[in-house]
Amino acid sequence: MPKNKGKGGKNRKRGKNEADDEKRELVFKEDGQEYAQVLRMLGNGRCEATCIDGTKRLCHIRGKMHKKVWIAAGDIILVGLRDYQDDKADVILKYMPDEARLLKAYGELPENIRLNEGIAGGMDEEDDNAGDDYIEFEDEDIDKI
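About the cut-offs
- Residues numbered from 1 in each chain as written.
- Predicted model: local features only at pLDDT ≥ 70, side-chain atom pairs only at ≥ 80, totals over all residues.
- Heavy atoms only, no water.
- Helix = DSSP H or I, 4+ residues; strand = E, 2+ residues; numbered from the N terminus.
- Pairing = 2+ DSSP bridges.
- Core = buried A, V, L, I, M, F, W, Y, C linked by side-chain atoms within 4.5 Å.
- Buried < 20%, exposed > 50% of the residue type's maximum accessible area, 1.4 Å probe, protein only.
- Contact = heavy atoms within 4.5 Å.
- Polar contact = N/O pair within 3.5 Å; in protein donor to acceptor, adjacent residues only side chain to side chain.
- Phe/Tyr/Trp six-rings, centres within 6.5 Å; stacked < 30°, edge-to-face > 60°.

J.: Please clarify how the environment of Arg114 should be interpreted in this entry.
T.: Within the secondary structure layout, Arg114 lies in the loop between helix 2 (97-105) and helix 3 (123-128). The spatial distance from the C-alpha of Arg114 to the C-alpha of Gln37 is 9.1 Å, given a sequence separation of 77 residues.

J.: Honestly, the pairing of strand 1 (residues 33-43) in this entry has me stumped. Any pointers?
T.: If a strand is regular, its side chains alternate between the two faces of the sheet. With five bridges connecting them, strand 1 and strand 4 (residues 76-81) associate as antiparallel partners. The residue of strand 4 that forms the bridge with Ala36 is Ile77. Where strand 1 meets strand 2 (residues 46-51), six bridges bridge the pair, whose relative direction is antiparallel. When the bridges of strand 2 are listed, Met41 appears paired with Cys47.

J.: Got a minute to help me understand the nonpolar core in this structure?
T.: One broad rule of soluble globular proteins: the nonpolar side chains tend to lie buried together. One finds Ala36, Cys59, Ile71, Ile77, Val79 and Val91 to be the most contacted residues of the largest nonpolar core, which totals 13 residues. Contributing elements (two or more residues each) for this core: strand 1, strand 2, strand 3 (56-61), strand 4 and strand 5 (88-94). If you tally residues by element for this core, the top one is strand 2, at three residues. When neighbours within four sequence positions are excluded, Val79 is seen to be in contact with Gly32, Gln33, Glu34, Ala36, Cys51, Cys59, Ala89, Asp90, Val91 and Ile92. Counting residues in hydrophobic clusters, the runner-up holds eleven residues, among them Leu26, Ile76, Leu93 and Leu109.

J.: How do you make sense of the side chain of Glu48 when you look at a structure like this?
T.: If you trace the backbone, Glu48 turns up in strand 2. Using a relative accessible area of 18% as the deciding quantity, one classes Glu48 as buried. Side-chain polar atoms of Glu48 contact the side chain of Arg40, separated by 2.6 Å. If we skip the residues at most four places from it in the chain, Glu48 touches Val38, Leu39, Arg40, Leu42, Lys56 and Arg57.

J.: Sorry if this is basic, but what is going on with the packing of aromatic side chains here?
T.: Both the distance between ring centres and the angle between the ring planes are used here to describe each pair of aromatic rings. Scanning all chains against the criterion turns up two aromatic pairs. Arranged with centres 6.0 Å apart and planes meeting at 55°, the rings of Phe28 and Tyr106 form a pair that is tilted. Of the two residues, Phe28 is situated in the loop between helix 1 (10-14) and strand 1 and Tyr106 in the loop between helix 2 and helix 3; the sequence distance between them amounts to 78 residues. Residue classification places Phe28 among the partly exposed positions, given a relative accessible area of 35%. On the accessibility criterion, Tyr106 (53% relative accessible area) is exposed. Their ring planes at 50° and their centres at 6.0 Å tell us that Tyr35 and Tyr95 sit as a pair that is tilted. Pair noted here: Tyr35 is in strand 1 and Tyr95 is in the loop between strand 5 and helix 2, with a separation of 60 residues, a long-range link. Tyr95 carries the same exposure label as Tyr35, and that label is buried.

In short, geometric facts, not functional conclusions.
Right, dumping it as structure tokens:
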């Protein structure tokens, strides 16, 4: 029977969340960095993202974020551009939805970027126009079809 030499199992790792809920300072891009929106996750710690400058890049999630910060399609991220490979980049930071809204308000993100606000936001606007989809036909119109 093997000896247990570690400090615990998967439950010890599961409990470590490091309090990401607290407010953090908003990080702006520097030279060699760019804002991007995730198009799709590819697996193996990689994702495909469209940068603000218009190019589509293959992004690698750095080890510090891997399995700690979950990135999904539609998220706004900060990527570090590579000098030697223009079509690849490294994910430096994932912005929370409220931080992404602040970036858009400050003019860092263009207006045509659609922020993924999830279920809480964005759905209220659609509920107001829900009655517009209903079309009422009269009996005469049905007979013509």
